[in-house]
Every structure is written in structure tokens, then in C-alpha cells.
Amino acid sequence: MNFPTKSRSVLAALMLAAFSGTGAFAADTITVPSEAAVPVAEVPADAIIVNIEKMKYDQPELKVKTGDTVYWINKEVMPHNVAFKKGVVGDEPFKGEMLKKDQAYSITFNEAGSYEYHCTPHPFMRATVIVE
Ligand SMILES: [Cu+2]
């Protein structure tokens, strides 16, 4: 996999976020509506959800459609996040905000593909979003 155009836009987005201190992450492959974790009450009723509990993502292989937004909800006291290794959503690795209990984090997938993710402090926690 090689996507030089995307890598530039990912880098540009990261730099923009770093300099502005506000803007949500934006790249060709994914869009992050909010960099900060949000309360579970803000998750839409019809959302596509991956619950995190007992040191696991409850959907090891989640299939969604291009443009869908996936919400991760941490159900336990142990903090968890969603992170992508270098090369998955762009040339740079991506690390989502840590979620406390009953906090959520969402990612919109803009391109078809297979996106393996993990939890930064618990690298054995892994799952995949397949975007069709
Ligand atoms: Cu974790």
C-alpha cells in the first residue's frame, strides 16, 4: 500500500491541528468529528457501536459502508483508546484520545479498506473495521 497523496494530506491535517489547537483530525481515509472523548449520552441512538469491556473490543471484525461513523464506548474503569499503526490510515500513526468509563470516541471511514486498530496501552487489544 502506497498513497503519497494521502500522506501529504494526513501530514497537513496533523500540522493544522497542531498549530490551530482545535480542528478535528481530517484525512482522506478517516475523519474524526471530535478529538476529545465525549459522554456516552451524546452517542446517537442508531449509531454503529463497538463496546470496550473486559480488555476487549466486542466486534473483532466490524463491517461498515464507506462514509459510516463508528463509535467506540468504554464500558469499564480501565482506560482504552483506538489507535492505528503507521500506514493504516495514512503514513503517520494515529492515536485516539484515551476513554474513561462511559466515554465515547467516533471515527468516520471515508474509503473502502481494512483498518486494523489497537489500544495504545494494551497492544494485545486488536480489532478491525472493514469498510466496503
Ligand atoms: Cu486498552
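Keep in mind the model is a prediction, meaning the values are calculated, not measured.

Draft legend 1. Structural view of the coordination of the copper ion. Coordination of the copper ion by the protein involves His80 (ND1), Cys119 (SG) and His122 (ND1), with metal-donor separations of 1.9 to 2.1 Å. Summarised as a motif, the one-chain spacing of the donors to the copper ion is H-x38-C-x2-H. Taken together, the residues His80 in the loop between β6 (69-74) and β7 (83-84) and His122 in strand β11 (residues 122-131) connect sequence positions 42 residues apart.

Draft legend 2. Representation of unusual backbone geometry in the model. Phi at Met55 is positive, roughly 60 degrees, even though this residue is not glycine. Positioned with a positive phi, Asp102 is a non-glycine residue whose angle comes to about 65 degrees. With respect to the helices and strands, the residue Asp102 is situated in the loop between β8 (94-95) and β9 (103-109).

Draft legend 3. A look at the side chain of His122. The class of His122 is buried, set by a relative accessible area of 10%. A distance of 3.2 Å separates polar atoms of two side chains, one belonging to His122 and the other to His80. Excluding residues within four positions of it along the chain, His122 makes contact with Met55, Met78, Pro79 and His80.

The rules we used
- Residues numbered from 1 in each chain as written.
- Predicted model: local features only at pLDDT ≥ 70, side-chain atom pairs only at ≥ 80, totals over all residues.
- Heavy atoms only, no water.
- Donors = N, O, S within 2.8 Å, 3.2 Å for Na, K, Ca; no water.
- Helix = DSSP H or I, 4+ residues; strand = E, 2+ residues; numbered from the N terminus.
- Buried < 20%, exposed > 50% of the residue type's maximum accessible area, 1.4 Å probe, protein only.
- Polar contact = N/O pair within 3.5 Å; in protein donor to acceptor, adjacent residues only side chain to side chain.
- Contact = heavy atoms within 4.5 Å.

These values are about where atoms sit, not about what they do.
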